[in-house]
Structure formats: C-alpha cells, structure tokens
Amino acid sequence: MDFLSLEKTLRIPRELLEFFGIRASKLLHWGNSGNFHGPLLVLDGLEDSGIRLKCLSERLFSEVQVLWMDGKGRNITGNPLSTDTAGNAGSSIVLTPGSGNAVSCRIIDSLGKTSTESSIVIAESFFPAISPWLPAFVMILLFGIFLVLAAVYKLRINKKAMDREKNAQKQIQEDIEDLKMELEEVQEKFQKENQEMESKIGEKIPQLGEFREFWGFGAQGKKKKKQQNTLGGVTHLGQVTQVPHLAQMPLSQQDSDEISLLPEQIQAQLEFRRAQSNAVPLTLDELCKHPELSLRDQSRVVSCSATSEQLHPKPVIVSKESFSQGKHYWEVEVGAGSGWELGVLAEEIRDSLQNGGMVLPQEREQVLSLGYSRGEFSIPRGCNCRPCPVLGVFLDQESHNLSFFDVEGKSLLASLPLRFSGNLFPFFSPGSNEKGLGIRSVGG
C-alpha cells in the first residue's frame, strides 16, 4: 500500500507519518479478505506518559470483534469506544514507553470468519519523557532562590547594622555638642567671674594696670627697670616706696580686704576656680568599707570607734568611681575633727584592701593622701596652714599632681606629685570626728 492510501485510511498527513518514522511497506499491513474495509488507526494525542491510539471500524459492534496485539502477537486489553452494540466498533489503548513500539488492531468478522488488521510502529524518542536536565535545572533553580534569599537577608542585616552605626554616630555627635556647650558655659562663667574680680579690684585701685605690670602681670610679663609713675601725687622710680594717700582714704573693712589682695592671692584664687571647674560627683561604696565605719546617705562616713584616731593602720572606705585620665575635683567636709585622712589609691591597693580588712597598708608607694592629726597636716614638706572645715581635692592626671585646697579661703594647701598611674580610687578615713567625713556637692 502506498502513502496516499495510508493517508486516506489513517487520516494522518504524510509529513506526520514521516515524522513518526512510519513506513507502510514494512510496518503497516492491510488485509481485505472480506467485503468491509480494514480498521482505521488514529493517533489521538499524548496522554500521561504515553500516546493514545484509536482503532475504528465501519462495522457494528454486533458484527465484529476488535482485538489489540503487540509486536509479539500477544493480546492487549483495549477500551471500547462505545458500549452501544448498535454503534460502530472501536477501541483505544495508551501506548507507553517500554511496552513495545509496534501495535496492531485486528477486526474479526464473527459471521464470515474473516479478519483485517492494521499495524503501526512509533519510535521510542517520540514518547513524552522527563528531560534528564530537569533535575539539574530544579537544583540550580532552588540554589538560585537560596542565594537570592541569602543576599536579601544579608542586605537587611547590613542595613540594620548601618542604621545602628549611624544612630550611634549621631548620638556621639550630640553628646560632643552637649559637652562643647557645657564647656563653653563653664569657660564663660569662669571668664565672667575673672572679669568681675578684676573690675571690682580696679574700682578700688584705679592704677591696677600699673600694679599688674609692677608685679609681673603685664603684657610684657616682667617689671620695668625704670618707670615714672604718679600715684596720689607721689613720684617714684622703679619701685613703690610709699603710698601715703591710701592710708588716709576712709575705707570699709571689706574694701580694705579687697585692696590688700596681692597678685599672688589673686593667682591662687584663679587657680582654685580652674580646679573647681572640673568637679565630679562621688558615691561611697558600701561594699568596700571597714566594718567599724558606718555609711550615711551614700555621702557621709563616720567611725563607730571613739578611739579611731589612734587606730593604726586606719580603717578606710573607697568610692565607687575611679579615674584613669583627665582632671577631677571633689570637696569633702572634714569639720573640726582630727585624725582624718583622704586621698587616692591605685586599683590593686583597693583590691588588696578588700581581701585584707579595708585598712591602709604601711607601704604607701601607691597611696597619696593628706591627713590631719593633733593640729597638724601630714604633708612631707610641712604646711603652716590653719584648719579648714571643707577641703577641695584636685586630681590632675595630665600634670601628675594631687592638690588640696581650702574651699572657704579659696587657697592652695598643698600640691603633691603623683608617681603612679592607672585606675585611681578616692578613699576616706574619718578619724575621731563624730560627724565623720562627708562628700558635698561643689558650690553647696
């Protein structure tokens, strides 16, 4: 049978037959021993993982029998296309990969005992199948999705970190601006106080400028060798020998005190103001004190022993705050008591005090302090100073000095060299004063 007859019988275009590799001479056989035409094979389409084939006959179901056979002649169960015996006979099967590429449809005439048969062979490559690249593609796709999600997560983490860093930088900048404003306020206050002091003295002594130059406070910073001045009608050269008109001026006691201020005293008060501008708050550490000491309101410590002045070594208490650099100032109410001692000590001494009973060691290599006992200050070079109820302590770790001031007199008592560094803790030993030692707010 030629391709033209095959096209007409199977109703399949020539191109499709050639595409499926069907050859009529070898793969399709027709038998026409009866008076009816052979079965018609139709490629119905792809279904699931195979190809559905239909076998159609012009005869009725009541007249013929439709059988399917594989390439080896074995029967294959097909599905009838109609359950009505009055309809045309027909059946369909799904040809799957591996079940054999050749299949035949046979129509058997029950009356005439004749049969016709049509066969078809379909190449294995035309069956629907999963591409071998599909698993790899799925894996690559999943890996790509994972990379995208990881990148998005990383970007979000980086964005949050950048936001936190920006907020921290902004907060630091704001803190710096606040500190600058506070520093400017302190400087402005100090300059204002300095100007007020000079103007007040200038009102009492109109010739203050000449006095400043005489005492070395002038712009040139030294005394003139020869200078002619007129002070209340008295002419002098190089030095002041007498100022008779000042003694004749009617002055109050306050005016006399202000006029009697020497340049050294003015300088001392300015030095005290500079130290006081570095004030810091202190809090006594209840966990770092001797058992015989009692703490009141976190700012005052008293001794429970009436003879604590004679106790050696002395019981102490240490502050919670420590300082490792910069300048720091605090004030302590010492009252009229005796036997007290205060200063700073190194961190390792603080740690050893906690393990050794909170008493000052005899070795003072890392302890620097000022004490008062039996009417005298314990200063190495001695001090002809009167007792003062409030003591100012100025720790200057930039110049390596520890200074003590009389707060009421605004004068320097002593300045001791600081020969050790690191974290330094203020400490206090109250002595025999019933009111003990108290940390007070600066200016209070």
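Right, let's walk through the structure included here. Keep in mind the model is a prediction, meaning the values are calculated, not measured.

Here's the deal with the environment of Lys 54
Its place among the elements puts Lys 54 in strand S2 (residues 50-60). When its relative accessible area of 25% is taken as the criterion, Lys 54 is described as partly exposed. C-alpha of Lys 54 to C-alpha of Pro 39: the two residues are 15 residues apart in sequence and 9.7 Å apart in space. Sequence-distant contacts of Lys 54, that is, excluding residues within four places in its chain, are made with Leu 40, Leu 41, Val 42, Asp 44, Trp 68, Leu 81, Ser 91 and Ser 92.

Description of the sheet that holds strand S5 (residues 79-80)
The four strands are arranged S1-S2-S6-S5 in an open sheet whose pairing can be described as antiparallel. Unpaired on one side and paired on the other, strand S1 (40-47) and S5 mark the two borders of the sheet. Relative to strand S6 (residues 88-95), S2 runs antiparallel, the two sharing seven bridges. Bridging across to S6, Ile 51 finds its partner in Leu 95.

With respect to the packing of aromatic side chains
Taken as a whole, this structure holds six aromatic pairs when the rule is applied. An angle of 20 degrees between the planes, with centres 5.9 Å apart, marks the rings of Trp 340 and Tyr 372 as stacked. Taken together, the residues Trp 340 in strand S16 (residues 340-346) and Tyr 372 in strand S17 (residues 367-373) connect sequence positions 32 residues apart. The class of Trp 340 is buried, set by a relative accessible area of 2%. The rings of Phe 272, Tyr 329 and Phe 405 are connected pair by pair, giving a single aromatic cluster. Just above the ring of Phe 425 sits the side chain of Arg 350; from NZ or CZ to the centre is 4.3 Å.

Regarding helix H9 (residues 347-356)
Every buried residue of H9 is accounted for by Ile 349, Arg 350 and Leu 353. Looking straight down H9, one finds that the buried residues subtend no more than 105 degrees of arc, so they occupy a single side. Turned more than 90 degrees away from the buried face of H9 sit Glu 348 and Asn 355, all of them exposed. The secondary structure elements touched by the buried residues of H9 are strand S11 (284-289), strand S14 (317-319), S16, S17 and strand S22 (424-429). Once H9 ends, the next one or two residues include Gly 357, with phi positive near 100 degrees.

The rules behind these values
- Residues numbered from 1 in each chain as written.
- Predicted model: local features only at pLDDT ≥ 70, side-chain atom pairs only at ≥ 80, totals over all residues.
- Heavy atoms only, no water.
- Helix = DSSP H or I, 4+ residues; strand = E, 2+ residues; numbered from the N terminus.
- Buried < 20%, exposed > 50% of the residue type's maximum accessible area, 1.4 Å probe, protein only.
- Contact = heavy atoms within 4.5 Å.
- Pairing = 2+ DSSP bridges.
- Phe/Tyr/Trp six-rings, centres within 6.5 Å; stacked < 30°, edge-to-face > 60°.
- Lys NZ or Arg CZ within 6 Å of the ring centre and 35° of its normal.
- Arc of directions from axis to C-beta.

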